[in-house]
Amino acid sequence: MVHWMYDSRSQRTIPKALFRYNSKNYAIDARYVFRSLPEGKKLTVIFEKEAVSQAAVFAFWGYWLRWQEVLVSVILLLVLFQMAVIITKNPTPEALLEQMEYKEEKKRKYIG
């Protein structure tokens, strides 16, 4: 369950996911970019039994898909697009001539 608590590190109130395991209470930071959590919302928390304090909120945005991955993917797509533009920007004269002389073959609609 989400509970807004004062965080001594950041000196402000942040959402924390509260959960109980082996009769001990734990509170983990539930903040994430572009995700807002209202007070009292029920969440799924996942953790390893050996490292309960390293638990994480189980959500698509923030666990399966992180903002760093989205940023790297967008940058990679832009770089690949720019490479394609650079490669095809100035074709050789032979390639231009080949394109001009190309005639599409007539294909039969039905074989038989």
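To be clear, the structure that these remarks concern was listed above.
Remember, predicted model here, so these are calculated numbers, not experimental data.

Chemist: Quick one: what's the story with the side chain of aspartate 7, residue by residue and with numbers?
Modeler: With respect to the helices and strands, the residue aspartate 7 is situated in strand 1 (residues 2-7). In this structure, aspartate 7 is in contact with Arg12, Ile14 and Lys16, ignoring residues within four places of it in sequence.

Chemist: Which residues make up unusual backbone geometry, and what values do they have?
Modeler: For asparagine 22, which is not a glycine, the phi torsion comes out positive at approximately 50°. Position of asparagine 22 among the secondary structure elements: in the loop between strand 2 (12-21) and strand 3 (24-29). Look at serine 23: it is not a glycine, yet its phi comes out positive at around 60°. Inspection of the secondary structure puts serine 23 in the loop between strand 2 and strand 3. Serine 23 gets classed as exposed once you look at its relative accessible area, which sits at 61%.

Chemist: Residue-level account of the pattern of salt bridges, with values.
Modeler: With the rule as written, the count across this model stands at one salt bridge. Across the pair aspartate 7 and lysine 16 runs a salt bridge whose closest N-O atoms are separated by 3.8 Å. Across this residue pair, the class does not change: aspartate 7 and lysine 16 are buried.

Rules used throughout
Residues numbered from 1 in each chain as written. Predicted model: local features only at pLDDT ≥ 70, side-chain atom pairs only at ≥ 80, totals over all residues. Heavy atoms only, no water. Helix = DSSP H or I, 4+ residues; strand = E, 2+ residues; numbered from the N terminus. Contact = heavy atoms within 4.5 Å. Buried < 20%, exposed > 50% of the residue type's maximum accessible area, 1.4 Å probe, protein only. Salt bridge = Lys/Arg side-chain N within 4 Å of Asp/Glu carboxyl O.

Keep in mind that these numbers describe shape and distance, not what the molecule does.
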